[in-house]
Amino acid sequence: MTGYKLRGSETKKIFKAIKKAKKPKKEEEGEGPFATFFIVHLEVGTQGPPLKWQEMYWHTLVNLVNLADKYGMKLTLEFCPQWAEYILKDSYKVDQVRLWHSKGHEIALHHHPYYRLDGTEFLGWDGYTNTPGFESHPKYQGTIEIMMKLMDQLAEAINDKILTACCIENDWPEGVIYKTDGHLISHARIKPRKIRHRDVKVTIVGMGLLDTRRPETLSQLKGEFAKAKKDETFGVVTHEFNFASSPNLVEDWFKFVRETGVKEDTIRNVIQSYNEKMKLV
Ligand SMILES: [Zn+2]
Ligand SMILES: [Zn+2]
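We now turn to the structure provided with this report. What you see is a predicted model; the values in this text were computed from it and never measured.

## Focus: the pairing of strand 10 (residues 233-239)
Inference 1: Counted residue by residue, strand 10 has 7 buried out of 7 residues, so it is predominantly covered.
Inference 2: The alternating pattern of strand 10 places Thr-233, Gly-235, Val-237 and His-239 and Phe-234, Val-236 and Thr-238 on opposite faces, both of which are buried.
Inference 3: In this sheet, strand 10 lies alongside strand 1 (residues 35-42) in parallel orientation, the contact comprising 7 bridges. In the sheet register, His-41 faces strand 10, and the bridge partner there is His-239.
Inference 4: Across 2 bridges, strand 9 (residues 208-209) lies against strand 10 in parallel orientation. Counted as the bridge partner of Gly-208 is Val-236 from strand 10.
Inference 5: Handedness of the crossover is the feature at issue here: the chain leaves strand 9, passes through helix 7 (residues 216-227), returns alongside strand 10, and the resulting connection is right-handed.

## As for unusual backbone geometry
Inference 1: The phi dihedral of Asn-159 falls on the positive side, at around 65°, and the residue is not glycine.
Inference 2: On the secondary structure map, Asn-159 appears in the loop between helix 6 (144-157) and strand 4 (164-166).
Inference 3: With 9 C-beta atoms counted inside 10 Å, the residue Asn-159 sits in the exposed group.
Inference 4: Positive phi outside glycine occurs at Asp-199, with the angle close to 70°.
Inference 5: Along the chain, Asp-199 turns up in the loop between strand 7 (193-197) and strand 8 (200-206).
Inference 6: Look at Asp-199 and you get exposed, because 7 C-beta atoms sit within 10 Å.

## Points about the pairing of strand 8
Inference 1: Direction of pairing for strand 5 (residues 178-181) relative to strand 8: parallel, over a ladder of 4 bridges. Residue pairing in the sheet places Tyr-178 in a bridge with Thr-203 of strand 8.
Inference 2: Counting the residues in the hairpin turn of strand 7 and strand 8 gives 2 residues, including Arg-198, whose phi is positive at 45°.

## Points about the packing of helix 4 (residues 81-88) against helix 6
Inference 1: Running from amino to carboxyl end, helix 4 crosses helix 6 at an angle of 45°, the nearest separation of the two axes being 9 Å. The orientation of helix 4 with respect to helix 6, classified from their angle, is oblique. In this structure, the crossing between helix 4 and helix 6 has a hand that is left-handed. Note on element contacts: helix 6 touches helix 4 through Met-147, Leu-150, Met-151, Gln-153 and Leu-154, opposite Pro-81, Ala-84, Glu-85, Ile-87 and Leu-88.
Inference 2: Of the residues belonging to the contact of helix 4 with helix 6, the class tally is 8 nonpolar, 1 polar and 1 charged.

Parameters and conventions
- Residues numbered from 1 in each chain as written.
- Chains lettered and ligands numbered in written order.
- Predicted model: local features only at pLDDT ≥ 70, side-chain atom pairs only at ≥ 80, totals over all residues.
- Buried ≥ 20, exposed ≤ 12 C-beta atoms within 10 Å, placed from the backbone.
- Helix = DSSP H or I, 4+ residues; strand = E, 2+ residues; numbered from the N terminus.
- Pairing = 2+ DSSP bridges.
- Right-handed = clockwise from strand over helix to strand, strands pointing away.
- Axes fitted to C-alpha atoms, helices over the stretch in contact; angles between N-to-C directions.
- Parallel < 35°, antiparallel > 145°, perpendicular 65-115°, else oblique.
- Left-handed = near helix turned anticlockwise from the far one by under 90°.
- Contact = placed C-beta atoms within 7 Å.
- Nonpolar A, V, L, I, M, F, W, Y, C, P; charged D, E, K, R; others polar.

Spelled out as structure tokens, the structure:
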């Protein structure tokens, strides 16, 4: 103790400062994002015989799209090439995807590279890469060009083009112009921006993972949504296996989005309208 006594006015000042510090900062309040989107990652699946994973989760996907339709949510379905292969084998399934597309869902790409960004091997590699030296690997399927032939076959069957991908720069496919990136909660809201990938101008948006193995991600995403600003987009991603284990969590998010009244659409539609209304740099 110094023996120094506070005068009344000084005490008031200090209390005011404490009060101010307790209040959330202005920029944390947010006024709602420009728009929101919901991405589904359809995985390679590493166990069992080829395409077993896809067979296991096809009905999960059907149920997920039905649920989205119930809430008027437009999904961005990011398929690993194994999913394209699986769907193309059966004209009934191609018809189903065509129907989803006609209802406003977007068909996009999800590529699992050999290496993660930190350089470690990725167990769920889809077998495609542009990096030389993998040709004799037992999982090797071909170059990215070959992968895109498969993806384009699916897109052409429904009279569309693949414009959106979740894919690393080294394997970035020609003609794809929208990139989804992230998985952390903090990745959900960002200002879309333009980057260059292999000489292609690409618009990048972020996404946070609704992880049913960690149900707290639902409230974390809601908290992050409340902070979003008008010049940010808000992206959420989940996987088919997540939805299979906890469909309620996904339905909760759909309900939440509808309650906020914020516009929800596919990646291509969100970025196109962002481009028209905001300045994309
Ligand atoms: Zn994912
Ligand atoms: Zn994945």
